[in-house]
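Summary of the model geometry
This is what each chain is made of:
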Amino acid sequence: EHPSTLVSVNNLALCLRAMGQLKDAEALYRRALEARERTLGAEHPSTLRSVNNLALCLRAMGQLKDAEVLYRRALEARERTLGAEHPSTLRSVNNLAL
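Just so we're clear, the structure is a prediction, and the values are computed from it rather than from any experiment.

With that out of the way, let us pick up the confidence of the model for the protein chain. Keep in mind that low pLDDT regions are not for reading the predicted coordinates in detail. Model confidence for the protein chain is summarised by a mean pLDDT of 96, while 100% of its residues fall at 70 or above. Considering each helix and strand of the protein chain separately, the mean pLDDT is smallest for helix 5 (residues 87-97), with a value of 93, and largest for helix 2 (residues 22-40), with 97.

With that out of the way, let us pick up helix 1 (residues 3-18). With 16 residues, helix 1 should cover 22 Å at 1.5 Å per step; its first-to-last C-alpha distance of 23 Å lies within 8% of that length. Those residues of helix 1 not exposed but buried are L6, V9, N10, A13 and L16. Seen along its axis, helix 1 keeps its buried residues to an arc of 120 degrees; they face one direction. Contacts made by the buried residues of helix 1 are with helix 2 and helix 3 (45-60).

Criteria and cut-off values
Sequence positions are assigned chain by chain, starting from 1 and proceeding in written order. In view of the model being predicted, local features appear only for residues whose pLDDT reaches at least 70, and side-chain atom pairs are presented and counted only at 80 or more, with totals across whole chains, interfaces and linings using the full set of residues. Only hydrogens and water are set aside; all other atoms, that is, all heavy atoms of the structure, feed into the side-chain values. One confidence number per residue, pLDDT, is output by the predictor and ranges from 0 to 100. The helix count covers DSSP runs of H or I at least four residues long, the strand count covers runs of E at least two residues long, and both are numbered beginning at the N terminus. Multiplying 1.5 Å by the residue count of a helix minus one yields the expected span of that helix. A 1.4 Å probe rolled over the protein chains alone gives each residue an accessible area, and that area as a share of the maximum for its type sets the label: buried under 20%, exposed over 50%, partly exposed in between. Throughout, the arc means the angular range of directions from the helix axis out to the C-beta atoms. Here, two residues are considered to be in contact whenever any of their heavy atoms come within 4.5 Å of each other.

Following this line, the structure appears as structure tokens:
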């Protein structure tokens, strides 16, 4: 659960998603998210990045309702912690709109 290890887990998930191995990517995104929630907290920027990445994967898998829940979670937390105009918050707005 070291932060550098979790970055590597996330990066591998990104690679797998890009290669179309969505189930494997989903498992790694979930692993990174759960560990970041435990170690960093639910509203830490890295945790919210994991929330967003898992949502992207679920959307690619056609699990739109589950993706929407995660996109909304990321957006609401980013609005609270970063403000409405922050670039990460605006990316969340964009992701939810897609």
